[in-house]
Amino acid sequence: MIQNIKLRQMKTTDLEAVYELVQNTITVSYAGVYPPEAIEFFKNHHSQENIMKDIERGYIVVAESGGLLLGPGQ
């Protein structure tokens, strides 16, 4: 069981992990709900470049527990 979840500002060093998590979540969660074109749109929208822009603006926090990144949020 995950305990002691902490929220913190996302850092540039989190970029790859957050990007992979978001891309995998879109692939798994949107399949069968959205057409392939919509899935591709969402994946492109959540590109590394766009995530980096949000990091620089201070718009993203991450949840973590025991050094494990659980997910991003705004």
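Preceding this paragraph is the structure being described.
Since we're looking at a predicted model, the values are computed, not measured.

**Student:** Any chance you could explain the overall build of the protein here in plain terms?
**Tutor:** On a plain count of helices and strands, the protein comes out with three helices and three strands. Listing the helices and strands of the protein from first to last along the sequence gives β-α-α-α-β-β. Projected onto its principal axes, the C-alpha coordinates of the protein cover approximately 35 × 30 × 15 Å. The proportion of buried residues among the 74 residues of the protein is 27%. Sequence-distant contacts in the protein: of pairs separated by 6 or more residues, those separated by 24 or more amount to 62%. Element-wise, carbon and sulfur atoms account for 55% of the exposed surface of the protein, whose accessible area totals about 5200 Å².

**Student:** Would you take a moment to explain helix α3 (residues 48–57) for this structure?
**Tutor:** Every α-helical turn comprises 3.6 residues, leaving residues that sit three or four positions apart pointing alike. For α3, every residue scored as buried is listed here: Ile51, Asp54 and Ile55. What you see down the axis of α3 is that its buried residues fit within an arc of 105 degrees, all on one side. Exposed and facing more than 90 degrees away from the buried side of α3 are Glu49 and Glu56. Of the residues one or two after α3, glycine 58 is the one with positive phi, at around 75 degrees.

**Student:** Would you mind going over the sheet that holds strand β2 (residues 61–65) with me for this structure?
**Tutor:** To summarise the sheet geometry, strands pair through backbone hydrogen bonds and adopt either a parallel or an antiparallel arrangement. In space, the three strands of this open sheet follow the order β1-β2-β3, with antiparallel pairing throughout. Looking at strand neighbours, the two that pair on one side only are β1 (6–9) and β3 (68–73), the edges of this open sheet. In this sheet, adjacent strand axes meet at a mean angle of 30 degrees when their direction is disregarded. Relative to β3, β2 is paired through five bridges, and the arrangement is antiparallel. Among the inter-strand pairings, alanine 63 is bridged to a residue of β3, identified as glycine 71. The strands touched by helix α1 (residues 15–30) within the sheet are β2 and β3, with β3 carrying the most contacts at an inclination of about 70 degrees.

**Student:** How should the packing of α1 against α3 be read in this particular structure?
**Tutor:** Pairs of packed helices are described in terms of their axes, by the angle between the two and the distance that separates them. Remark: α1 packs on α3, axes separated minimally by 10 Å, with the N-to-C direction vectors making an angle of 125 degrees. With respect to each other, α1 and α3 are oriented oblique. Note on packing geometry: the crossing formed by α1 with α3 is right-handed. For the pair formed by α1 and α3, the contact residues are Leu15, Glu16, Val18 and Tyr19 on the first element and Gln48, Ile51, Met52 and Ile55 on the second. Residues belonging to the contact of α1 with α3 are distributed by class as follows: six nonpolar, one polar and one charged.

Conventions adopted
Residues numbered from 1 in each chain as written. Predicted model: local features only at pLDDT ≥ 70, side-chain atom pairs only at ≥ 80, totals over all residues. Heavy atoms only, no water. Helix = DSSP H or I, 4+ residues; strand = E, 2+ residues; numbered from the N terminus. Buried < 20%, exposed > 50% of the residue type's maximum accessible area, 1.4 Å probe, protein only. Contact = heavy atoms within 4.5 Å. Areas by Shrake-Rupley, 256 points an atom, 1.4 Å probe, with all protein chains shown as cover. Arc of directions from axis to C-beta. Pairing = 2+ DSSP bridges. Axes fitted to C-alpha atoms, helices over the stretch in contact; angles between N-to-C directions. Parallel < 35°, antiparallel > 145°, perpendicular 65-115°, else oblique. Left-handed = near helix turned anticlockwise from the far one by under 90°. Nonpolar A, V, L, I, M, F, W, Y, C, P; charged D, E, K, R; others polar.

All quantities given are derived from atomic positions and should not be read as evidence of function.
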